[in-house]
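Residue-level structural notes
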Amino acid sequence: MLQITHLTLRNWKNFGKVDVDLQPRTFLVGPNAVGKSNFLDSIRFLHDLASVGGGLQAAVAARGSVGRLRSLVARKYPDVVIEVSIEDREPGRSWRYRLAFAGSETARIKEEEVWEGNRKVLSRPDNKDAQDPERLAQTALEQVTFNREFREIAEFLASVSYLHLVPQLIREPDRSIAHRNDPYGGDFLDRVARVNKRTREARLRRIEKALRAAVPQLSELRLEQDTRGAFHLEGRYQNWRPYGARQDETVFSDGTLRLIGLLWAIADGEAPLLLEEPELSLHPDVVRQIPLMLTRVTRSPAGQRQVILSTHSMDLIDDEGIGLDEVLLLQPEDGGTSVKPMSQDSEAGWLLQGGSRVSEVVRPRTRPDSPEQIALF
Amino acid sequence: MDANGVTVAFEGESDRGMVSRLVQELGIKVGISYCCDGQPNLFRRLPGFNCAASRSVWFVFTDLDAESCAPDLVSRVLPSPSNGMALRVAVRATEAWLLADREKMAEWLGVRLGLVPREPDSLDNPKLRLVDLARQSRHRSLQSQLVPSRNSGRPVGPGYTTEINLFAQKRWRPNVAALVSPSLDRAIRSMRKKLEDSGTELSN
């Protein structure tokens, strides 16, 4: 199964320089507004480049303009660069994709390269670009006629998914902005409905079983269609009436909906999954199970599905099986936010050996300078 | 984090203001701070702190509480301290060090100077004493922050942590308090010596 094993960024949003390995499970930690979402967004940007109806200009426009996504620390070297290494960890096949672009409103490609192993299969600008500079407004990744040699990674990037469920949007999809592939869950029920019935029902049964641990009173989870054709998630609540009453998503709690969404997303697809604060609305003891669940559920005969998530939850990162290389620490610095695996912090290793938990080492490192000011508000 | 300040560890959030003011008194500032959520957690993590203190200076603060004597406590929980480690024990709790600046404490709480204990290190429970003093405060709003309501079941009031940290940072004078609290005086001397030994520059 393909995974993103390394990410390089230059001048992307609040990052000056990032050069970091990504693991099958990667946990992003850091203070508020340090750029955890922006880090995930660099991978979403590649997804937007490669997906149908996407492309470089659309991906930039969705983020405002080149000027808005270029880091404020960019000076001498103004290009925005995103580079990923993509590997199949088992058989050892590897790809590398590099994109450098500049511009203000619209983006102009400065460099686009693809390697398969050590072989360069694309290098732009090339002669054709020199003859027709307009070509530099589009990446080869987004063009089926050009990406034949590396379509595999174009498809891989297009299938990366991102989830940041907003329960209210599941309940009231009319409020959502996008009605297809809405990361905030506006089309969540439609997405569930699009999966074929057998797979869907099998998956809902699995989710129901897992859910029982957190929400024991909920059973018989299924998808129903109302007379207007809209889909609803229904379940039986044991505690409402002696024999239980069927209820739909409009009365499910935030935590229940988030957990259903999370479990669904994990079971849906094989490409990397980007998660934003999966701990929201969940009990700490449920949160503690998330990393274990991620490992178990994302493992298949084809290998491990990659999950990259941002979190503020110290409960989420405290499992003793979480490696220091899986925790990426984001810290504000003069040259932009730095991103380092905790395994590079030698003191962290000692503290863990000497009795501290991971969260106890991470927490002071991600603490704002003086949060107590908030109490003085 | 050496360049950015000294590493500190302490028992609870209400120690934070005192620790940062104390470090400031030495002319440096706090780098990473480990708030340990209680003494048992601090002791559990102490071997790791001690290991890290072989490479940089660490100031670790704990309360003597009901133990009989500080040196016994230190030799029990930290039999072989690293070069950079300064484990300091407040007798019997950090509130004693704060009470030791008697004038500022009286002024802050709005109580007569005579009510503030002359030997804070000899108090059995300095925190309780501080809250008791607050009950006699002329300042109603501060009193409501520091003193628990009858059914709260807690030793301190709802705004205790915020207010005690503000006092420590804005009003408390460690050098004056050290004249009244021998355990604070020893702590300051020992911390200063650690910094000198490690070659960290002092501003005064």
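Everything quoted here is computed from the prediction, not taken from an experiment.

**Some points on the interface of chain A and chain B**
Often the size quoted for an interface is simply the accessible area lost on bringing the parts together. Contact residues are listed per partner, giving 16 residues for chain A and 19 residues for chain B. Taken over both partners, the interface formed by chain A and chain B buries close to 1500 Å², and the fraction arising from carbon and sulfur atoms is 53%. Our count for the chain A to chain B interface comes out at 2 salt bridges. In this structure, glutamate 360 of chain A engages arginine 45 of chain B in a salt bridge whose closest nitrogen and oxygen atoms are separated by 3.4 Å. Applying the counting rule to chain A against chain B returns 7 residue pairs in polar contact (both at pLDDT 80 or more). Residue assignment for the side of chain A that touches chain B shows that the elements contributing at least two residues are helix H12 (346–353) and helix H13 (358–365) of chain A. Grouping the amino acids of the side of chain A that touches chain B by side-chain chemistry returns 6 nonpolar, 4 polar and 6 charged.

**Points about the sheet that holds strand E10 (residues 231–237) of chain A**
Residue and element names in this part refer to chain A. Spatially, the 3 strands line up as an open sheet ordered E9-E10-E11, and their pairing is antiparallel. Edge strands, defined here as strands with exactly one partner in the open sheet, are strand E9 (218–225) and strand E11 (245–248). Between one strand and the next, the sheet's axes are offset by a mean angle of 30°, whatever the strand orientation. Each of E9 and E10 touches helix H8 (residues 197–214); the most contacted strand, E9, lies at about 150° to it.

**Structural notes on the domain arrangement of chain B**
Residue and element names in this part refer to chain B. We note that the domain assignment places domain 1 (2–93 + 181–198) and domain 2 (96–177) within chain B. Each of domain 1 and domain 2 has a C-alpha centre, and the two are 22 Å apart. On the side of domain 2, 21 residues touch domain 1, which itself brings 23 residues to the contact. Here domain 1 and domain 2 share an interface that buries about 1700 Å² over both sides, 62% of which is from carbon and sulfur atoms. For the pair domain 1 and domain 2, the number of links is 0 salt bridges. Connecting domain 1 to domain 2 are 9 residue pairs in polar contact (both at pLDDT 80 or more). Counting only elements with at least two residues in the side of domain 1 that touches domain 2, the list comes to helix H1 (16–25), strand E4 (85–90) and helix H10 (182–198). The dominant element in the side of domain 1 that touches domain 2, judged by the number of residues it contributes, is H1, at 7 residues. A per-class count over the side of domain 1 that touches domain 2 returns 11 nonpolar, 5 polar and 7 charged.

**Focus: the packing of H12 of chain A against H13 of chain A**
Axis angle and axis distance: for two packed helices, these are the angle between their axes and the distance between the axes, and together they describe the pair. Residues and elements named next belong to chain A. One can describe the packing of H12 onto H13 by two numbers: an axis separation of 9 Å at closest approach and a directional angle of 140°. Viewed along their axes, H12 and H13 adopt a mutual orientation that is oblique. Handedness of the crossing formed by H12 with H13: right-handed. Contacts from Glu347, Ala348, Leu351 and Leu352 in H12 reach Val358, Val361 and Arg365 in H13. Tallied by class, the residues present in the contact of H12 with H13 amount to 5 nonpolar, no polar and 2 charged.

**Some details on the sheet that holds strand E5 (residues 93–103) of chain A**
Where strands meet in a sheet, backbone hydrogen bonds hold them as pairs that are either parallel or antiparallel. Residue and element names in this part refer to chain A. Taken in spatial order, the 6 strands of this open sheet run E2-E1-E4-E5-E6-E7, and their pairing is antiparallel. Edge positions in the open sheet fall to strand E2 (17–21) and strand E7 (119–124), since each of these has one partner strand only. Across the sheet, the mean angle from the axis of one strand to that of its neighbour is 15°, orientation sign disregarded. Sheet analysis places strand E1 (residues 2–10) next to E2, joined by 5 bridges and oriented antiparallel. Paired with leucine 9 across the bridge in E2 is valine 18.

**Looking at the packing of helix H5 (residues 102–109) of chain B against helix H6 (residues 126–135) of chain B**
Residues and elements named next belong to chain B. Where H5 contacts H6, the two axes come as close as 9 Å, and the packing angle between them is 45°. With respect to H6, the axis of H5 lies oblique. Here H5 and H6 pass one another in a crossing that is right-handed. Residues Met105, Trp108 and Leu109 of H5 pack against Leu130, Leu133 and Ala134 of H6. Classifying every residue of the contact of H5 with H6 by side-chain character gives 6 nonpolar, no polar and no charged.

**Here we look at helix H3 (residues 70–77) of chain B**
All names here are of chain B. Regarding H3, the residues found buried are Ala70, Leu73 and Val77. Seen along its axis, H3 keeps its buried residues to an arc of 60°; they face one direction. Residues of H3 that are exposed and angled more than 90 degrees away from the buried face: Pro71 and Arg76. Looking at the buried positions of H3, the neighbouring elements they touch are helix H2 (39–52), strand E3 (58–63) and E4.

**Notes on the pattern of salt bridges**
Residues and elements named next belong to chain A. With the rule as written, the count across this model stands at 48 salt bridges over all chains. A salt bridge links arginine 96 to glutamate 83; the nearest nitrogen and oxygen atoms lie 3.0 Å apart. Of the two residues, arginine 96 sits in strand E5 while glutamate 83 sits in strand E4 (residues 80–88), which places them 13 residues apart along the sequence. A relative accessible area of 11% means that glutamate 83 is categorised as buried.

Rules used in this analysis
Residues numbered from 1 in each chain as written. Chains lettered and ligands numbered in written order. Predicted model: local features only at pLDDT ≥ 70, side-chain atom pairs only at ≥ 80, totals over all residues. Heavy atoms only, no water. Contact = heavy atoms within 4.5 Å. Buried area = accessible area lost by both parts, 1.4 Å probe. Salt bridge = Lys/Arg side-chain N within 4 Å of Asp/Glu carboxyl O. Polar contact = N/O pair within 3.5 Å; in protein donor to acceptor, adjacent residues only side chain to side chain. Helix = DSSP H or I, 4+ residues; strand = E, 2+ residues; numbered from the N terminus. Nonpolar A, V, L, I, M, F, W, Y, C, P; charged D, E, K, R; others polar. Pairing = 2+ DSSP bridges. Axes fitted to C-alpha atoms, helices over the stretch in contact; angles between N-to-C directions. Domains from an automatic or database assignment. Parallel < 35°, antiparallel > 145°, perpendicular 65-115°, else oblique. Left-handed = near helix turned anticlockwise from the far one by under 90°. Buried < 20%, exposed > 50% of the residue type's maximum accessible area, 1.4 Å probe, protein only. Arc of directions from axis to C-beta.

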